[in-house]
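Here is how the chains run, residue by residue.
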Amino acid sequence: CVYSNRGVTLIELLVTVAVLGIIAGIALPAYTGYIATTRNTEGFNDLASIQLAQEEFFLENNRYFPDPDGTVSSSDGSLDTYWTAADENDRNFDYAVTTSAGGYSATATGRGGTYDVADTVTLPPVSN
């Protein structure tokens, strides 16, 4: 029986590293785009939740929340008594609801820093 003590050559190692580099170069931007898409989906879903809460509030009080020509925001905690998203440290967006002329608009603004979400998604103004 003959055993081969052949090892890995430098060329084989360089080719392997190059292939891994190419794969990483393709996968990283795709992953980053996927994360941004899921975070924006979170914003749209939370705005839909705010819309449902607004309609429920309107049915019970014949007006939208907050008081006419007012604004509430999740960044200062004034929205939390009416509608609560995830814990502040887990949110990718700050939310604001503004009422005017019998309608309202809701906005989700991406949080910078560790979340790196720059987009703002807005629910169109709604009038009753």
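Residues numbered from 1 in each chain as written. Predicted model: local features only at pLDDT ≥ 70, side-chain atom pairs only at ≥ 80, totals over all residues. Heavy atoms only, no water.

1. A closer look at the environment of Gly43
Formally: Working definition: helices are DSSP H or I runs of at least four residues, strands are E runs of at least two. Numbering for both runs from the N terminus.
Mapped onto the elements of the fold, Gly43 is located in helix H1 (residues 10-61). Each C-alpha atom of the pair Gly43 and Ala108 lies 5.9 Å from the other, and the pair is 65 residues apart in sequence.

2. Observations regarding the packing of aromatic side chains
Convention followed: Between rings of Phe, Tyr and Trp, where Trp is taken as its six-membered ring, a pair exists when centres lie within 6.5 Å; planes separated by under 30 degrees are stacked, by over 60 edge-to-face, and by other angles tilted.
Scanning the entire structure with this criterion turns up four aromatic pairs. Pairing Phe57 with Phe65 gives two aromatic rings, centres 5.4 Å apart and planes at 70°, and the pair type is edge-to-face. Joined through ring pairs, the aromatic side chains of Phe58, Tyr64 and Tyr104 make up one cluster.

3. What to know about H1
Where we set the bar: Each helix should span, by expectation, one fewer than its residue count multiplied by 1.5 Å. For every residue, the accessible area obtained with a 1.4 Å probe (protein chains only) is divided by the maximum for its type, and the residue is called buried under 20%, exposed over 50%, and partly exposed between those limits.
With 52 residues, H1 ought to run about 76 Å at 1.5 Å a step, and its terminal C-alpha atoms sit 75 Å apart, in line with that. Regarding H1, the residues found buried are Asn40, Gly43, Asp46, Leu47, Ile50, Ala53, Gln54, Phe57 and Phe58. Asn62 sits one or two positions beyond H1 and adopts a positive phi of about 60°.

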